[in-house]
Amino acid sequence: MDLSTLPLVGPLLHGGADLVAALTAALSPTTGSFAAAIAVVLLTLAVRAVLVPLSVLQVRAERDRRRLAPQLAALRKRHGKNAEQLQRAVQQLYTNEEVSPLAGCLPVLAQAPVLSLVYALFTHASIGGTANALLEATLVGVPLGHSLVVTLTSPLWVHAWVVVLLLAVLAVVVELSRRANLRWNPLPTPEPGAQVPGAATTVAIGRFAPFITVVFAAIAPLAAALYVVTSAAWTAGERAVLRRVIR
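Residues numbered from 1 in each chain as written. Predicted model: local features only at pLDDT ≥ 70, side-chain atom pairs only at ≥ 80, totals over all residues. Heavy atoms only, no water.

## Some words on the overall build of the protein
Here's step 1: Within the protein one finds 10 helices and 4 strands.
Here's step 2: Helices and strands appear in the protein in the N-to-C order α-α-α-α-α-β-β-β-β-α-α-α-α-α.
Here's step 3: In terms of principal-axis extent, the alpha carbons of the protein reach across some 65 × 40 × 35 Å.
Here's step 4: Counting all 247 residues of the protein, 36% fall into the buried class.
Here's step 5: Summed over its atoms, the accessible surface of the protein is roughly 14,300 Å², and 68% of this surface lies on carbon and sulfur atoms. (Helix = DSSP H or I, 4+ residues; strand = E, 2+ residues; numbered from the N terminus. Buried < 20%, exposed > 50% of the residue type's maximum accessible area, 1.4 Å probe, protein only. Areas by Shrake-Rupley, 256 points an atom, 1.4 Å probe, with all protein chains shown as cover.)

In structure tokens form, the structure reads like this:
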């Protein structure tokens, strides 16, 4: 299904394409062949800046979960054998503390449509039947519409290093973000001698799941990879700042 044919989505994608084209044209005299790539980065940063208030709400919800974690652990220990009683106790705790258990989900859901639209702009070869000129632009010889896989299997493989470099930067950002999240929200430490079913699987998923983003960026068009790298770096920096400011 072509998202650009939908009544509301189509005009938004057209507007985004026109904005990127205008940014590219404005940047071309000074940045040359890098103009389109820089335009992608600037548009991504602008969108993420607009979404900062939602990120603030998300970090506040994260702070509340962290604050209530010891009390939730105590409730689970006390009512662990009675699911209904545990649910009532947890709900009462949230009510007393004036915290919504869905507070962290709502900002994520609100951001998703916007970020999905931006991503669609960088992946659709055509928008409403018109070729997406952005994907025909190049970065160090690689068209923004080519993925790493396509680049490696084409005569342009000698320029694949630029995509590999982007993926390496993304992997570093993902790892730094994973470690920061663990420091902020450490995994619960089981009691000595306790056997926690699935604990090893949970740790493994937490260790490697974030790197799915890197795989995704490798098979996506280069324009989308630029978006993913920029967005991931913004998120890492934004979380670091907000976690210090919001107490």
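More follows now that the structure is in view.
## Points about the nonpolar core
Here's step 1: In this structure, Phe122, Leu134, Leu144, Leu170 and Leu222 are the most contacted members of the largest nonpolar core, which totals 45 residues.
Here's step 2: Those elements that provide at least two residues to this core are α1 (9–31), α2 (35–50), α5 (105–121), α7 (161–184), α9 (212–219) and α10 (222–245).
Here's step 3: Here the element with the most residues in this core is α10; it accounts for 9 residues.
Here's step 4: Counting residues in each nonpolar core, the second largest holds 9 residues, with Leu68, Ala89, Val90 and Leu93 among its members. (Core = buried A, V, L, I, M, F, W, Y, C linked by side-chain atoms within 4.5 Å.)

## A short note on the side chain of Thr151
Here's step 1: Its location among the elements puts Thr151 in helix α6 (residues 148–152).
Here's step 2: Assessed through its relative accessible area of 0%, Thr151 is described here as buried.
Here's step 3: At 2.7 Å, the side chain of Thr151 and the backbone oxygen of Ser147 are in polar contact.
Here's step 4: Apart from the residues within four sequence positions on either side, Thr151 is in contact with Val142, His146, Leu156, Trp157 and Ala160. (Polar contact = N/O pair within 3.5 Å; in protein donor to acceptor, adjacent residues only side chain to side chain. Contact = heavy atoms within 4.5 Å.)

## With respect to the packing of aromatic side chains
Here's step 1: Inspection of every chain in the model, using the stated rule, returns 3 aromatic pairs.
Here's step 2: Residues Phe122 and Tyr227 carry aromatic rings whose centres are separated by 5.9 Å and whose planes lie at 55° to one another, so their mutual orientation is tilted. On the criterion of sequence distance, the pair formed by Phe122 in the loop between α5 and β1 (126–127) and Tyr227 in helix α10 is long-range, its members being 105 residues apart.
Here's step 3: An aromatic cluster of at least three residues, connected via ring pairs, comprises Tyr119, Phe122, Phe216 and Tyr227. (Phe/Tyr/Trp six-rings, centres within 6.5 Å; stacked < 30°, edge-to-face > 60°.)

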